[in-house]
Amino acid sequence: MSRFVKHLDLPDLPRNLWPNLDHMINNQVTPLWTNRPRTCTRDGETVGHSHYSRFDISPELKHWVDTNITQDYVNIGLSYMWGEPINLPHTDHTRDVTMLYLFDTGGPAVETKFWQRRGFPIHHENTDKEYNYNPQQPTTYDDLDHLFTVVLDPGQWYILDARCIHSVEGMTGSRISLQLGFLKHSPWAQQIFGEDLQG
């Protein structure tokens, strides 16, 4: 598709293994991670940030992924975005590469956009060897140059270079996906991205 995101021809995730997010929310399951509130300016207006939480998945789903997809990830979980229509421009916190399978896109035309901060490299290299909190979180769109836009379909596997600033825009409802995180030196991720992962 592009140097930033690729569609993967991988086995469909069996519907009987799809996570029950309603059960997690109704039973107040503690998420593995939740984002912090933030805003960004765009054309002189303040833009709010969608809520994001990541939940643990069942042992059965994890076993299926390990058996049918890969075991080369550093983290895995159920991603849940809701609230504001935009997940503001950012790079990911604990991974260089993100693989996802969308259960619900959050709307009919939700766009994943890739950006470059003017005067900076396309890729943000995480300087924390433990891959802790060290992301790029621009506070304005004014110094961002748009690089690429894609609409990701539900029920498909995608992998994206999360070192590039990206946003998710146009949500009208909840966006739910299975997400796997990889480091850039992952043999599995490198096999997919090739030289694009080195730049």
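Right above here is the structure, for reference.
Student: Quick question: what am I supposed to make of the sheet that holds strand β8 (residues 97-104) here?
Tutor: Backbone-to-backbone hydrogen bonds pair the strands of a sheet. The strands run either parallel or antiparallel. Across the sheet, seven strands lie side by side as β1-β11-β8-β13-β6-β5-β2; this open sheet has antiparallel pairing. Strands with a single pairing partner mark the edges of an open sheet, and in this sheet they are β1 (5-8) and β2 (33-34). In this sheet, strand β6 (residues 75-82) lies alongside strand β5 (residues 51-55) in antiparallel orientation, the contact comprising five bridges. Paired with F55 across the strands is L78, a residue of β6.

Student: How should I be thinking about the sheet that holds strand β9 (residues 111-117) in this particular structure?
Tutor: Spatially, the four strands line up as an open sheet ordered β7-β12-β9-β10, and their pairing is antiparallel. Of all strands in the sheet, those bounded by a partner on one side alone are β7 (86-90) and β10 (144-150). Taking each pair of neighbouring strands and ignoring which way they run, the sheet shows an average axis angle of 20°. One ladder, built from six bridges, connects β9 with β10; its direction is antiparallel. Of the residues in β10, the one forming a bridge with K113 is T149.

Student: What should I look at first to understand the side chain of R95 in this one?
Tutor: Checked against the element boundaries, R95 lands in the loop between β7 and β8. A relative accessible area of 6% places R95 in the buried class. At 2.9 Å, the side chain of R95 and the side chain of D92 are in polar contact. There is a polar contact of 2.9 Å between the side chain of R95 and the side chain of T98.

Student: For this particular structure, what's the right way to read the nonpolar core?
Tutor: One recurring pattern in soluble globular proteins is that nonpolar side chains are buried together. The biggest cluster of nonpolar side chains holds 28 residues, and the ones touching the most others in it are L13, V65, M99, W157, L178 and L180. Elements supplying a minimum of two residues to this core: α1 (21-26), α2 (59-68), β6, β8, β11 (157-161), β13 (175-182) and α3 (187-193). Membership of the second largest hydrophobic core comes to 12 residues, among which are L100, F114, Y158 and A162.

Student: In this structure, what is going on with the pairing of β7? I would like to understand it.
Tutor: Every regular strand shows the same layout, with side chains that alternate between the two sheet faces. Burial runs high along β7: five of the five residues are buried. The pairing of β7 with strand β12 (residues 165-169) spans three bridges and is classified as antiparallel. Pairing of H90 across the sheet is with H166, part of β12.

Student: For this particular structure, what's the right way to read the packing of aromatic side chains?
Tutor: Aromatic ring pairs are defined here through the distance separating the ring centres and the angle between the ring planes. Overall, the coordinates contain 11 aromatic pairs when judged by the stated rule. Ring plane angle 55° and centroid distance 4.9 Å describe the contact between Y101 and W157, whose orientation is recorded as tilted. Taken together, the positions of Y101 in strand β8 and W157 in strand β11 put the pair 56 residues apart, joining distant regions of the chain. We note that Y101, like W157, is buried. These aromatic residues form a ring-pair network of at least three members: W18, Y101, F103 and W157. Above the plane of the ring of W18 lies R15, whose end atom (NZ or CZ) is 4.1 Å from the centre. Over the ring of F120 we find R117; its NZ or CZ atom is 4.7 Å from the centre of that ring.

Student: Is there a simple way to think about unusual backbone geometry in this case?
Tutor: Trans peptide bonds make up the majority, and among non-glycine residues the majority have a negative phi. Look at D43: it is not a glycine, yet its phi comes out positive at around 55°. Residue position: D43 is located in the loop between β3 (39-42) and β4 (45-48).

Student: Help me understand the side chain of S50 in this model?
Tutor: Tracing the chain through its elements places S50 in the loop between β4 and β5. The exposure class of S50 is buried, given its relative accessible area of 1%. Within the local environment of S50, its side chain forms a polar contact with the side chain of N87, the two groups lying 3.0 Å apart. In this structure S50 touches N35, M81, W82, E84, I86, N87 and M171, once residues within four positions along its chain are discounted.

What counts, and at which threshold
Residues numbered from 1 in each chain as written. Predicted model: local features only at pLDDT ≥ 70, side-chain atom pairs only at ≥ 80, totals over all residues. Heavy atoms only, no water. Pairing = 2+ DSSP bridges. Helix = DSSP H or I, 4+ residues; strand = E, 2+ residues; numbered from the N terminus. Axes fitted to C-alpha atoms, helices over the stretch in contact; angles between N-to-C directions. Buried < 20%, exposed > 50% of the residue type's maximum accessible area, 1.4 Å probe, protein only. Polar contact = N/O pair within 3.5 Å; in protein donor to acceptor, adjacent residues only side chain to side chain. Core = buried A, V, L, I, M, F, W, Y, C linked by side-chain atoms within 4.5 Å. Phe/Tyr/Trp six-rings, centres within 6.5 Å; stacked < 30°, edge-to-face > 60°. Lys NZ or Arg CZ within 6 Å of the ring centre and 35° of its normal. Contact = heavy atoms within 4.5 Å.

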